[in-house]
Amino acid sequence: MKKITILLLTYIISISAQDLPDNFTNALNAYNSRDFGTAYQLFRTAAEQNELNDLQIVSAKFYSANCLLNLDQLDGAASEFESFIDQNKFSNYRESALYTLGTIYYKKGEYRKARERLTSLLNEYPSNEFTGTSYYWIGESYLAEEKYIDAEENFKNAITHERTNKFIVNSIYSLAQVYEKSDNYKKAVEEYDELLAYYKDHELGPKSQMRIGICYFILKEYDNAIIELNDPLIKQLPKQELIESKYFLASSFVRLKEYKEASQVYNELLTTVSDKSNKDKINYSLAWINFQQERYDDAYKLFKELADAGFDSLKADALFWSGESKRYLGDTKMAGEIFNNFIAKYPGHRLASRAQLGIGSTLIGQSEGPDAEKALLNATISNDIQTRSKAYTLLGESRLNKKNYNDAKKYFSEALKLTQEQSELKNRSLLGLAVSDYYLNDYDTSIKYLEELRSRSKEFEPDKVNFYLAEVYFQQAKFSDALKSYNSINPNSELLKQQTLLGKAYTYFNLKDFTNSIYYFNEYLSKYKNDPNTNEYTLRLADSYFGIKNFAKASTIYRELFSKEKAVLNNDLAYYQYGQSLFKSGKANEAIDAFEKLQEKYPTSKYTDQSQYIIGWIHFQQNDFNNAIRSYKLLLNKYPRSSMRPIVYNSIGDSYYNSGQYDSSIVFYSKVLAEHPATQYIFDAVSGIQYAYVAKEQPGEAIKFIDQFITSNPNSKYSDQIFFKKGDLYYSIQDYNSAIRSYKEFIANYPNSSLIPNAYYWIGKSAANMKNETEAINNFTLAKIRSLKSEIGISSVIELARIYSDKKQYSSAVNVLKEASDAVPTSNRVPELLYQQGVNQAKDNKIVEASSTFDQIITYYDGSIFASKAKVELGVIELQNNNYENAQTLFKEISEKRTDDIGAEAQYYYGVLLYNQNKIDDAITSLVRVRSVFASYDEWYTKSLLKLGDCYVKLKDKKQAREMYRAVLSRHDSGEFADEAKKKIKQL
């Protein structure tokens, strides 16, 4: 207002003094002397005496309104300014009048009128000197009415019109206040920071600093709150605001559990505040810090003092927390008394239900079940959600400890509905539900809760969570998942260590990872010798040794168990495996005794007939066929209903066959077909009959027998497979015409059999052996078409490629091989198909394609036999192209790694490579290595002898050369090797 007055005075004074009446001049002098009452009267008198011109009258009226404003007569000033504005629409003073009137209405709390006048000013004079300030006051009026959106818009306009806003700092501060009051604390911080950046020394600077700290506190960014509230600028705050800032600083330390620092601030406050109310609040906070630091005795003393003599608003809370302090001190009796006293004094208090909860939890600790549960049930009707959820959680845990899993689940479910998302109670409820569902065999739901809990909080009871996850997965036979969870446990309690160790042992056992199960069972048995189930775990240890085929160790443990513990002797499976262990560890006679004792001890066991069978098998393995036959026949007599009769007949047949009693073997093989035509053992029986008749040189009888079986069992699901044996028999005795005829008859009789592709394949093989290439090609092609992706289809492709290659139709061979490799890209026979493809490309002189194919095998199938063969073939190509370095690398690698015919071939070509480079001595060394290391591979041995002869020729040592060539003739008296050796001898 001062600025406006000065402007007006300046304007008035500019009027010639002699033109002003005395009253007007005296009014101005009084106004200047701040005698606003006299000035008002003089201005009014001057205006009414008609001594002034129009301009002076307008000035006097404006001035008189200002006098009332300065006299704080707001209603009168507002009335005068309203009249002035209505009567002087074109006055130069109108801008000032509108602005001043707007501020008067704001001061009176008439915010709508304030906005109307200030908005009129902005609309009528858009570029006036009060624009920015007007926006500020409009914003303040909206802020006062909590209309934050409108307030924000006007404060932003006020800041934008900085040049005409004499309250620019207030505008920024008030904008920050808008954001703070509308809970947009981050934007509030931005505005307070803006103020501090440019106007730190303003009186609102310290206040902004404090508000930033409080905003960070509300945002739970306590570290930032502490930094801001510790800023030196805070010290410039007025006393009451300084106290407020220290409260928030101390509270921030408490939230971060930095209790030492919090206590220090509270103690500073105690020396600052004087009124008892604030002192009690500070002491209450200090008591709470002691409680959080588990200094329950100190907490109790402060809480009790406040409960006895504190302000009424704190007494009840302090009494309750004194009870909690005693409860945490383990003084459950005193805690119970305090809680009961609390309920008696403050039955309607918000903490009354929590006191019930406290009573319940103390009684549970004293094992006073009914009273405890009664108190907890009372707590469940609390209006405080946390109290109810904690009560339900404690009830659930109580029922869980009593193994009442249905009730436990019910209570935990209720607790889960009430718990806050990030609370520990929610974690406890989830764990309780998961455990309850585990014991109720609802494994899927248990896993759901456990996984949710693990994703929510990795720090909450991780060992228990992982243990129950492991147990659930184990029950679901998901042993790999169970093992992962067991391995995630780092137990502190001895019980959990014990359970985890045993869990791992059984998990590895069920995974058939017997090496690890042995380790963990041994570990468990050494640590927990007093476990009442030791015998069971020892038995599993023996089974584990049995699983890794350490039969000597397994049999030793079994023997110890059976010798000392009667309970274990009732385990027929263990006794059976005991016998197996003895047998497989080479103790055949002891094994026979064990199996005989098993039949005596457990006459109704399912392992009796198996035990007797193994006795026969032991004799068979010892080539004691007579005792084998006796043992097998004893099985048939003792266990006439045994499901093993078909295999026993076969085994008796095998025993007779191996002892040369073919007729007797045929009798027992025939029993399989006659008595058990639906069993899988008929194939072995038919094969046995086939071999027996062939051994008797009567293959026709074998064929006759098969025909009789087919006739007698027309509906047998194995008839096609038995019939197929006829063709196999003819093929085995090299009667290829009869084999072809039999396979064709098979195709005609069983057109839907899965063996049709096999029949075409074997017709092709028979035709190929008879040099009938056309029929061979036709049938291999039919087999390929029928079953390209099967083993028989791929074998047919290999045979086709071989025939095409022999006929020098290399492109046909390559095409059929490519078709197959494309059709079965994941087959383990792809390297073989690619190798044959490369060989045929090389034979067709398509060297680039062949090299590419061999490279493909080497790159993608390294480690396979065909990768090695490909390296040799690629080496030969490099040798032919005189790329000696590449060829040497390939030949040297294979010759040093392999000791088979592939290694022999590589070693031979390595010698040839050296020979071609005229490194004759090195070539001789390499070729001699073929003779010394690979002597059993005649082709490469013979070729190396021929090349050695050539080496000696180069050295002009005809004698040694002649010896090499003669060595060839000693191995081959005819054929291409003999012809070449003879030719070379003549050339000498």
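These numbers were taken from a predicted model, which means no experiment stands behind them. (Residues numbered from 1 in each chain as written. Predicted model: local features only at pLDDT ≥ 70, side-chain atom pairs only at ≥ 80, totals over all residues. Heavy atoms only, no water.)

Below, the discussion takes up the overall build of the protein chain. What the protein chain contains, in helices and strands, is 55 helices and zero strands. In terms of overall dimensions, the protein chain is more spread out than a globule: its C-alpha atoms have a radius of gyration of 53 Å, far above the 30 Å expected for 988 residues. Across its three principal axes, the protein chain shows a C-alpha extent of roughly 160 × 80 × 60 Å. Out of the 988 residues belonging to the protein chain, those deemed buried represent 52%. Within the protein chain, contacts between residues separated by at least 24 positions form 48% of all contacts whose residues are at least 6 apart in sequence. With the model as given, the accessible surface of the protein chain reaches about 48,800 Å², and the carbon-plus-sulfur share is 45%. Within the protein chain, one finds 123 positive and 128 negative side-chain charges whose respective centroids are separated by 7 Å. (Helix = DSSP H or I, 4+ residues; strand = E, 2+ residues; numbered from the N terminus. Rg over C-alpha atoms; globule rule 2.2 N^0.38 Å. Buried < 20%, exposed > 50% of the residue type's maximum accessible area, 1.4 Å probe, protein only. Contact = heavy atoms within 4.5 Å. Areas by Shrake-Rupley, 256 points an atom, 1.4 Å probe, with all protein chains shown as cover. Lys, Arg positive; Asp, Glu negative; His and termini not counted. Charge placed at Lys NZ, Arg CZ, Asp CG, Glu CD.)

Right, let's talk about the pattern of salt bridges for a bit. A full pass over the atoms with the stated rule returns 46 salt bridges. Among the salt bridges present, the one from Glu799 reaches Lys765, with a minimum N-O distance of 3.4 Å. In this pair, Glu799 is assigned in helix 45 (residues 791–806) and Lys765 in helix 43 (residues 756–769), connecting sequence segments 34 residues apart. Both residues of the pair, Glu799 and Lys765, count as buried. (Salt bridge = Lys/Arg side-chain N within 4 Å of Asp/Glu carboxyl O.)

Quick look at the layout of surface pockets now. Rolled over the atoms, a probe as big as a water molecule pinpoints where empty space is left. The volume enclosed by the second largest pocket comes to roughly 760 Å³. Looking at the second largest pocket, it is lined by 28 residues, and the ones nearest its centre are Val435, Tyr439, Lys464, Phe467 and Tyr468. Among the secondary structure elements, those contributing two or more residues to the lining of the second largest pocket are helix 22 (385–401), helix 23 (405–418), helix 24 (424–439), helix 26 (462–475) and helix 28 (494–510). When residues of the lining of the second largest pocket are assigned to their parent elements, the largest contribution, seven residues, is made by helix 24. Here the lining of the second largest pocket is built from residues that sort into 16 nonpolar, five polar and seven charged. (1 Å grid on protein atoms, 1.4 Å probe; cavity = no way out; pocket = protein on both sides within 12 Å on 5 of 7 lines; lining within 4 Å. Points joined across faces, edges and corners; volume = space filled by probe spheres on them. Nonpolar A, V, L, I, M, F, W, Y, C, P; charged D, E, K, R; others polar.)

Here we take up the packing of helix 15 (residues 259–272) against helix 16 (residues 276–292). The interhelical angle for the contact between helix 15 and helix 16, taken along N-to-C directions, is 165°, at an axis separation of 10 Å. By the angle between their axes, helix 15 is roughly antiparallel relative to helix 16. You can see that helix 15 and helix 16 cross each other, and the crossing is left-handed. Between helix 15, through Tyr259, Ala262, Ser263, Tyr266, Asn267, Leu269 and Leu270, and helix 16, the contact on the second element is made entirely by Lys279, Ile282, Asn283, Ser285, Leu286, Ile289 and Gln292. (Axes fitted to C-alpha atoms, helices over the stretch in contact; angles between N-to-C directions. Parallel < 35°, antiparallel > 145°, perpendicular 65-115°, else oblique. Left-handed = near helix turned anticlockwise from the far one by under 90°.)

Here helix 45 is 16 residues long and its end C-alpha atoms lie 23 Å apart, about the 22 Å a rise of 1.5 Å per residue gives. In terms of residue burial, helix 45 counts as a mostly covered element, since 13 of its 16 residues are buried. Among the residues trailing helix 45, Lys808 stands out with phi positive, at a value near 60°. (Expected span 1.5 Å × (residues − 1).)

What characterises a pair of aromatic rings is the spacing of the ring centres plus the angle enclosed by the ring planes. Going through the model one piece at a time under the given rule, you end up with 74 aromatic pairs. Seen from their ring centres, Tyr136 and Phe167 are 5.2 Å apart, and the 35° between their planes marks the pair as tilted. Here Tyr136 is found in helix 8 (residues 131–144), whereas its partner Phe167 is found in the loop between helix 9 (148–160) and helix 10 (168–181), with 31 residues between them in sequence. Take Tyr136: its relative accessible area is 6%, and that puts it in the buried class. When its relative accessible area of 21% is taken as the criterion, Phe167 is described as partly exposed. On the basis of an interplanar angle of 90° and a centroid distance of 5.2 Å, the ring pair of Phe683 and Tyr718 is categorised as edge-to-face. (Phe/Tyr/Trp six-rings, centres within 6.5 Å; stacked < 30°, edge-to-face > 60°.)

This brings us to the packing of helix 6 (residues 94–108) against helix 7 (residues 111–124). Interhelical geometry of helix 6 versus helix 7 gives an angle of 160° and a closest axis separation of 7 Å. By the angle class used here, helix 6 and helix 7 are roughly antiparallel. Considering only the axes of helix 6 and helix 7, their crossing is left-handed. Contact with helix 6, carried on its side by Arg94, Glu95, Leu98, Tyr99, Leu101, Gly102, Tyr105 and Tyr106, involves Tyr111, Lys113, Ala114, Arg117, Leu118, Ser120, Leu121 and Glu124 of helix 7 and no other residues of that element. Along the lines of polarity and charge, the residues of the contact of helix 6 with helix 7 split into nine nonpolar, two polar and five charged.

This part covers helix 16. Here helix 16 contains 17 residues, and its C-alpha end-to-end distance of 24 Å stays within 8% of the 24 Å for a straight helix at 1.5 Å per residue. Buried within helix 16 we find Asn278, Asp280, Ile282, Asn283, Tyr284, Ser285, Leu286, Ala287, Ile289, Asn290 and Phe291. Along its buried surface, helix 16 packs onto helix 14 (239–255), helix 15, helix 17 (296–309) and helix 18 (312–328). Note on helix 16: the residue one or two positions beyond its end, Glu294, has a positive phi of about 65°.

Before going further, it helps to examine the confidence of the model for the protein chain. Looking at the protein chain, pLDDT values average 86 and 93% of them are 70 or higher. Counted against residues more than four places away or in other chains, residues 1–18, with its pLDDT under 50, gives 33 contacts. (pLDDT = per-residue confidence, 0-100.)

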